[in-house]
Amino acid sequence: MKNNFYNYPIFKLKEYLVSQGFKAFSADQIYKWVYEQKVTDPEFMTNISKDLRVFLKSNFSFNDLELVTRQGSDDTTNKFLFKLNDGIVIESVLMQHDYGLSLCVTSQAGCSMGCSFCASGLINKQRDLSVGELVSQVVSVENITKEKITHIVVMGTGEPFDNYDNVMDFIRVINHKHGLEIGARHITVSTCGIIPKIYEFAEEEIRVNLAISLHAPNDELRTKIMKINKVYPLNDLIEAVKDYFEKTKRRVTFEYILLRNVNDELSHANELSDLIRGINCYVNLIPYNTVNEFGYKKSEESRANRFYQQLVKRGINVTLRKEMGSEIDAACGQLRLKNLE
Ligand code: SAH
């Protein structure tokens, strides 16, 4: 079987080429053809040797993901359903912002984190996505839309820190100057709080943005709605975030979904501001997107505003996010694994 080219961060491609008797610098040339020029037929890679072209052709595949459907409610949000080689269907969501084009990528087929409000957890994790399947989401959407994606959020189905190594290699590919060259500051990884990986992430050479799905200001409530909190409780999580900031000096985002009468009281806003006081961060308040299987409702606008104002009053950097894509079930927490059968 051929190797999927998109599985290779450049350092691994170099290692592989060298092990086969080729020169390491050829990897730079191949990267430029594939990612900069969008040329995936080795025959046309005119500045590399005939031997290497033949080798590439017989050893590598450069296929896009198979598009099942594209749904777009409006010009601003589009959902792409892609079928993987083993028949699993995943979703990627493209969002048009005033600052550019952002793609929300899926990191796992299904999710085993079991957050009580999120549709992605309705089907347990089937498997991790490979590096190539992550990269191909970006390449395929660029090929379909003929547009350059400028921002990546790893916030689709799955827990990126439960597929850490592949997600990091994915970031290495899309960030590389001869890869898709998406700036580290334009890449965000969101985690429900897998603490050991937050420490590891802080040591990485590539410094992309970190978002933490917080959603509750105390252990009792957080454990009730996010079972990961039993394993990795809040105080330890906050410690890890502080360590991350100390090492990287990068501001952290806390995501907080507003669930009606669950976590949207003024007292919760106060607890939240006490919890994160002193951390260089900002809080992203997210309107809850309905998932029919669960009983949660989104907070009324007045309650959401009251919560927001309370955080402002207490000196927290906070934004109240607008909803995108909920009409096509492409909004956060509405992505679920689709099986065609
Ligand atoms: N597993 C990662 C990334 C995927 S979720 C994480 O937990 O961060 C991306 C964001 O959407 C998370 O903050 C998640 O908690 C949030 N989310 C999940 N379900 C949602 C829903 N129904 N409405 C709004 N946001 C939701």
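These figures come from a predicted structure and were not determined experimentally.

K.L.:
Quick one: what's the story with the packing of helix 4 (residues 131-145) against helix 5 (residues 164-175), residue by residue and with numbers?
P.N.:
For the pair helix 4 and helix 5, the least separation of the axes is 8 Å and the interaxial angle reads 40°. Here helix 4 lies oblique to helix 5, going by the angle between them. Considering the relative orientation of helix 4 and helix 5, their crossing is right-handed. Each of V131, L134, V135 and V138 in helix 4 lies in contact with helix 5, whose residues at this interface are N166, V167, D169, F170, V173 and I174. Taken together, the residues that form the contact of helix 4 with helix 5 break down as eight nonpolar, one polar and one charged.

K.L.:
Help me get a handle on the pattern of salt bridges, residues and values and all.
P.N.:
Two side chains with opposite charge may pair up if their charged atoms get near one another. Applying the stated rule across the entire model yields 20 salt bridges. Across the salt bridge formed by K12 and D169, the nearest N and O atoms sit 2.7 Å from each other. Of this pair, K12 sits in helix 1 (residues 10-19) while D169 sits in helix 5; the two residues are 157 residues apart in sequence, bridging distant segments of the chain. Residues R127 and E133 are paired through a salt bridge, measuring 3.0 Å at the closest nitrogen-oxygen approach. Residue classification places E133 among the buried positions, given a relative accessible area of 11%. Here the salt bridges do not stand alone but share partners, grouping K12, D169, R172 and E204 into one network.

K.L.:
Can you explain the nonpolar core? Please cite residues and give values.
P.N.:
Side chains of a nonpolar character, in soluble globular proteins, are inclined to be buried together. Within the largest apolar cluster, 104 residues are counted, with the highest numbers of intra-cluster contacts made by I152 and I276. Looking at this core element by element, the count peaks at seven residues for helix 5. Those residues in contact with I276 that sit more than four places away from it in its chain are L214, I238, F254, C281, V283 and I316.

K.L.:
Quick one: what's the story with the pairing of strand 13 (residues 281-287), residue by residue and with numbers?
P.N.:
Judged by how many residues are buried, strand 13 sits mostly within the fold: six of seven residues are covered. The handedness of the strand 12 (residues 252-258) to strand 13 crossover, carried by helix 10 (residues 266-276), is right-handed. By the bridge criterion, three bridges tie strand 13 to strand 14 (residues 318-320) in an arrangement that is parallel. Each residue of the ladder has a partner; that of N284, found in strand 14, is T319. Taking the sense of rotation as the criterion, the β-α-β connection linking strand 13, helix 11 (residues 301-313) and strand 14 turns out right-handed.

K.L.:
Could you give an account of unusual backbone geometry, with specific residues and numbers?
P.N.:
A positive phi is found at K38, a non-glycine position, where the angle reads about 60°. Take K38: it is sitting in the loop between helix 2 (26-36) and helix 3 (50-59). The phi torsion at N261 lies on the positive side, around 60°, for a residue other than glycine. Mapping N261 onto the fold places it in the loop between strand 12 and helix 10.

K.L.:
Describe the site of the ligand, listing the residues and the values that go with them.
P.N.:
Lining the immediate surroundings of the ligand are 21 residues, of which S190, S213, H215, Y288 and N289 lie closest. Between the ligand and G158, the relevant distance is 3.0 Å, taken from a nitrogen atom to a main-chain nitrogen or oxygen of the residue. Within the side chain of E255, an N or O atom sits 3.3 Å from an oxygen atom of the ligand. Expressed as a share of its isolated accessible area of 530 Å², the protein-covered part of the ligand is 96%. When its residues are assigned to classes, the shell around the ligand shows 11 nonpolar, eight polar and two charged.

K.L.:
Could you give an account of the pairing of strand 12, naming the residues involved and the relevant values?
P.N.:
Across the seven residues that make up strand 12, a large majority, seven, are buried. The alternating pattern of strand 12 places V252, F254, Y256 and L258 on one face and T253, E255 and I257 on the opposite face, and all of these are buried. Here strand 11 (residues 209-213) pairs with strand 12 via three bridges, running parallel. Across the sheet, residue I212 finds its bridge partner in strand 12, namely F254. Relative to strand 13, strand 12 is paired through seven bridges, and the arrangement is parallel.

K.L.:
Tell me about the packing of aromatic side chains, and please be specific about residues and values.
P.N.:
Applying the stated criterion across every chain yields a total of 19 aromatic pairs. Pairing Y6 with Y35 gives two aromatic rings, centres 5.8 Å apart and planes at 65°, and the pair type is edge-to-face. Taken as a pair, Y6 in the loop between strand 1 (3-4) and helix 1 and Y35 in helix 2 lie far apart in primary sequence, 29 residues in all. Considered together, Y6 and Y35 belong to a single accessibility category, that of buried residues. Pairing Y16 with F60 gives two aromatic rings, centres 5.8 Å apart and planes at 80°, and the pair type is edge-to-face. Here the residue Y16 occupies a position in helix 1, and F60 occupies one in strand 2 (residues 60-61), the gap between them amounting to 44 residues. Each member of the pair Y16 and F60 is classed as buried. Through successive ring pairs, a cluster of aromatic residues spans F5, Y6, Y8, Y16, F22, Y31, Y35, F55, F60 and F62.

Cut-off values and rules
- Residues numbered from 1 in each chain as written.
- Predicted model: local features only at pLDDT ≥ 70, side-chain atom pairs only at ≥ 80, totals over all residues.
- Heavy atoms only, no water.
- Axes fitted to C-alpha atoms, helices over the stretch in contact; angles between N-to-C directions.
- Helix = DSSP H or I, 4+ residues; strand = E, 2+ residues; numbered from the N terminus.
- Parallel < 35°, antiparallel > 145°, perpendicular 65-115°, else oblique.
- Left-handed = near helix turned anticlockwise from the far one by under 90°.
- Contact = heavy atoms within 4.5 Å.
- Nonpolar A, V, L, I, M, F, W, Y, C, P; charged D, E, K, R; others polar.
- Salt bridge = Lys/Arg side-chain N within 4 Å of Asp/Glu carboxyl O.
- Buried < 20%, exposed > 50% of the residue type's maximum accessible area, 1.4 Å probe, protein only.
- Core = buried A, V, L, I, M, F, W, Y, C linked by side-chain atoms within 4.5 Å.
- Right-handed = clockwise from strand over helix to strand, strands pointing away.
- Pairing = 2+ DSSP bridges.
- Near = heavy atom within 4 Å.
- Polar contact = N/O pair within 3.5 Å; in protein donor to acceptor, adjacent residues only side chain to side chain.
- Areas by Shrake-Rupley, 256 points an atom, 1.4 Å probe, with all protein chains shown as cover.
- Phe/Tyr/Trp six-rings, centres within 6.5 Å; stacked < 30°, edge-to-face > 60°.

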